[in-house]
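Descriptive structure summary
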Amino acid sequence: MFRNYLLLALRNMRKNKLRTFINVAGMAVAFACSVFILLLVYRQLTYDDFEVNKNAIYKVYNYALGPNGEELGTSMAYPLTPALKTENIGVEKATSIQTRGKLVRSGEKTLDMSTTMVDPDFLQMFTFPVVKGNAVNPLSSVSNAVLTQNSAEKLFGKEDPIGKSIEVKLAGEWCRLIVSAVVKDFPKNSTIQFSLLARTELDPDYAKISNYWDNLNHPVYVQLKNNVTQQQAENRLRLLAKKYTPDDAGAEKKNGYIADKNGDYHSYRLLPLTQEHFSPGLSNSSSVNKSFLYVLALISCVILLIASFNFVNLNVGLSFTRTKEIGIRKCLGAGKQQIWLQVWGESFIMVFVSMLISIGIVTLLIKNFNDVFDNTMDAGLLFNPIIIAILLLLMIVVSFIASGYPSSVMAKLKTVEILKGKISLKKPGALRNGLIVTQFVIAIVLMCSTIIIFQQFDYLRSAPLGYNTTSLISIPIKNDDKGKEIVSQMRTRLATQASIVSVTGSDANLGIGEDRSSSTSVTCFTYGDKTICGQTINADYDFLKTLGIKPTSGHDFSMDYAADTGTTLIATQSYADQFGKNTIAGFSYYADSSQPKIKIAGVIPDIRLKSFNEQQKPLAIFLNRSKYMNYVWIKVNTSNLVATMDLIKKTYASVDPGVEFNGSYVNENIDRMYHGEQVMANLFSVAAAIAIILSCMGLFGIASIVIRQRVKEIGVRKVLGASVNGIIALVSKVFIKPVIIALLIAIPVAWWSMNKWLQNYSLRIKIEWWVFVLAGVAAIVITACTISFQAIKAAIANPVKSLRTE
């Protein structure tokens, strides 16, 4: 029986080549898209799943209701970690995590590798199993270091690293450490990532700031005791905050802050580790919004639906060419279930073949997918038992959606009516038109969404940041202890080059550079009855000149001003406004009575260092007096950007030899800030293209079937004098009408969904009417082009051939 069904299915597929091609090709493309999206979503949703204590680990963050809404921060002070364990909070273990340094060496080998400083509890909280060395307490001493397998191989090759010494460069000094353990490499979907672990006390600033609660520079994680809930711990954290960092209600009110429901102006709260990857404002690693994953899953479903609708339309259209076969089978004793199983089985074979083809497509294109969407997936995920189960379930569900109805229609046909040739359906075109409308609603919504997302992305990229990003280069400095000297030498050596306008330096980057770094710190102090807060960065001379910023008052950092030899800063307008003075340039104040006075050299309009997705805080730019500097910024004026970059690269190699050059144009850094929007735009454009192609494939197939069913009608019309144009219009009207209905439905849906999405951005575009007109015209033109071949073919056909059998 099975063999007969299989042979019959293959015979029918060979007989109806167009339908088979459209169904298999369309479903294979839809499955391939769905598998790509499934792998992407699965990887994101399983972030940190390997952590044994994931449900007990939380990240501590600051919460306040400021004048511009919620203010969240993950930078903590060093005294917090021990206080969390000694106070009655319900914390079992706690660790601070701070990454410092950029260089590590072993013997003659020096590598570009950061040092992550943690507390001894770290390896007991997080699941990074020790594969070599001290598995009990590998960070028992300040002189201990823990490497990952990958880092150990880079430093020592095949040698056993345990007990061997390495040196890490921190604050310009090489610190000698002994490798006590090697841990297993962490999974790619881990929030916590590192190359080398050392003790927190190794931080050169630790002794100086370990007791200061107002110096915030690192995140803190806690593991709660088994009997303590998140809510209980947060309630106890209120008491800790009041004890060590009490609110000044009067000052907070003056600064526009609002007390939360507990009456606190600022508080410590806990973010579950399982939610960190989905909390862009609180995650240190690459994060993603969960709603984005839901949108991806929805796109996957609608693409599969479109392909399934093609199946339904084509199978229903062709079902009545097999009525005699079905009638004879029923006469010979076949029941409804057998007929249904036969028709459904034929479709299932096509679905199964489509799935196999799609897996081949995914395996071949996964590297390209990773390149386009900046991902790190591999084809090995396809062999994950959960993924295999989902794919099997998906295949069965799709086969029922695609062929369930056509199979039921065939199975329910009455034998007598079949043999008499009197079969008919109520409103035979209703289902077909309904599915065409649904397909094009989806396609038009995706088209509109793609245009609007690209517009928003372009708007964010081109929005004014307060400084000139054109022809501005940022270079990370590895030997930051020589940073100021490197900046000075670059300025001197490039001074004679006509293509170089100016050179400056900073401890923060603009955007996200080639080193994937973008960081600033926040400091607060009391001035009279006011609390002055803001982001702070350190910069070198010619800062404003290099960034193309004109001060509203005061001047740039320059050697021409002898008075700038002390502690000097340039304030953004929002930072200056906090002092409540009319004239701020030239004003001096004490942030700390034990420290020298700070002079405000100039005031500039607000500039944005972070993306428009994040709240920009007031900014204070201090003139750097130390030897440390993290970045060189170079303003160029040239039409040959590549040659100028090569010149700068050679110059930098002579100033800091033997160090990898990671310079990049700031325009590229800014683009990296909006990587999420770029990925979303790319996904929607691909989805829209696939949706349109699948819809058109189905339309082409169903048009050929409908015209074949009406061939005698068209022949009669031509004999009675109908023109070629009239026949084309008659055929085209059948398919243009559903597309117009789809357009009327899709426009409000697209406007509502995109308008809601745009509310996530403080800076957003206004949706223009022409977007919907363009999508509508495109849909109608594409439809007309798709069916024109079949319509013209029917219109010019010889009516004698179609009527000779009558």
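Here is what the cut-offs are and how they apply
- Residues numbered from 1 in each chain as written.
- Predicted model: local features only at pLDDT ≥ 70, side-chain atom pairs only at ≥ 80, totals over all residues.
- Heavy atoms only, no water.
- Helix = DSSP H or I, 4+ residues; strand = E, 2+ residues; numbered from the N terminus.
- Contact = heavy atoms within 4.5 Å.
- Buried < 20%, exposed > 50% of the residue type's maximum accessible area, 1.4 Å probe, protein only.
- Arc of directions from axis to C-beta.
- Phe/Tyr/Trp six-rings, centres within 6.5 Å; stacked < 30°, edge-to-face > 60°.
- Lys NZ or Arg CZ within 6 Å of the ring centre and 35° of its normal.
- Axes fitted to C-alpha atoms, helices over the stretch in contact; angles between N-to-C directions.
- Parallel < 35°, antiparallel > 145°, perpendicular 65-115°, else oblique.
- Left-handed = near helix turned anticlockwise from the far one by under 90°.
- Core = buried A, V, L, I, M, F, W, Y, C linked by side-chain atoms within 4.5 Å.
- pLDDT = per-residue confidence, 0-100.
- Salt bridge = Lys/Arg side-chain N within 4 Å of Asp/Glu carboxyl O.

**A word on the side chain of serine 34**
With respect to the element layout, serine 34 can be found in helix α2 (residues 17-45). If we skip the residues at most four places from it in the chain, serine 34 touches Ser300, Leu304 and Leu394.

**Focus on helix α20 (residues 666-673)**
Working note: α-helix, 3.6 residues per turn, so residues spaced by three or four point in the same direction. By the burial criterion, the buried members of α20 are Val666, Asn669, Ile670, Arg672 and Met673. Within α20, the buried residues cover an arc of 155° as seen down the axis, which keeps them to one side.

**Structural notes on the packing of aromatic side chains**
Following the criterion strictly, the structure yields 16 aromatic pairs and no others. Both rings, one in phenylalanine 122 and one in phenylalanine 128, keep their centres 5.9 Å apart while their planes meet at 10°; by these two values the pair is stacked. Phenylalanine 128 matches phenylalanine 122 in its accessibility class, with the two residues each being buried. Through successive ring pairs, a cluster of aromatic residues spans Phe50, Phe122, Phe126, Phe128, Phe186, Phe194 and Tyr221. Positioned above the aromatic ring of tyrosine 63, the side-chain terminus of arginine 269 is 3.7 Å from the ring centre. Seen from the ring of phenylalanine 278, lysine 290 lies directly overhead, with NZ or CZ sitting 4.9 Å from the centre.

**Looking at the packing of helix α22 (residues 711-719) against helix α23 (residues 724-758)**
Interaxial distance between α22 and α23 falls to 10 Å at its minimum, and their mutual angle equals 150°. In this view, α22 runs roughly antiparallel relative to α23, as classed from their interaxial angle. In this structure, the crossing between α22 and α23 has a hand that is right-handed. Of the residues in α23, those touching α22 at Glu713, Ile714, Arg717 and Lys718 are Ile727, Leu730 and Val731.

**Side note on the nonpolar core**
Membership of the largest hydrophobic core comes to 123 residues, with the highest contact counts inside it found for Leu39, Ile444, Phe543, Ile621 and Phe735. The residues touching phenylalanine 735, leaving out its near neighbours within four places in the chain, are Ile436, Leu699, Ile702, Ala703, Val706, Thr783 and Ile787. Formed by 20 residues, the second largest nonpolar core is a distinct cluster that contains Val60, Leu84, Leu224 and Leu270.

**Observations concerning unusual backbone geometry**
If you check the backbone angles, aspartate 48 has positive phi at about 65° while not being a glycine. Inspection of the secondary structure puts aspartate 48 in the loop between α2 and β1 (57-66). Not every positive phi belongs to a glycine, and aspartate 542 is a case in point at roughly 65°. Mapped onto the secondary structure, aspartate 542 falls in the loop between β17 (530-539) and α17 (543-547). Using a relative accessible area of 22% as the deciding quantity, one classes aspartate 542 as partly exposed.

**Here's the deal with the confidence of the model for the protein**
In this model, the protein carries an average pLDDT of 81, and 87% of its residues clear a pLDDT of 70 or more. Looking at the elements of the protein, mean pLDDT is at its lowest for helix α14 (residues 415-420), recorded as 56, and at its highest for strand β12 (residues 220-224), recorded as 95.

**Considering the pattern of salt bridges**
Summed over the entire model, instances satisfying the criterion amount to 15 salt bridges. We note a salt bridge from aspartate 121 to lysine 85, for which the minimum N-O separation is 2.6 Å. Here aspartate 121, found in the loop between β6 (115-118) and α4 (122-125), pairs with lysine 85, found in helix α3 (residues 80-86); they are 36 residues apart in sequence, far enough to count as distant. Judged by relative accessible area, which is 40%, lysine 85 ranks as partly exposed. For glutamate 201, the salt bridge identified is with arginine 199, shortest N-O distance 3.1 Å. One connected set of salt bridges, linked through shared partners, spans Arg100, Asp203, Asp205 and Lys208.

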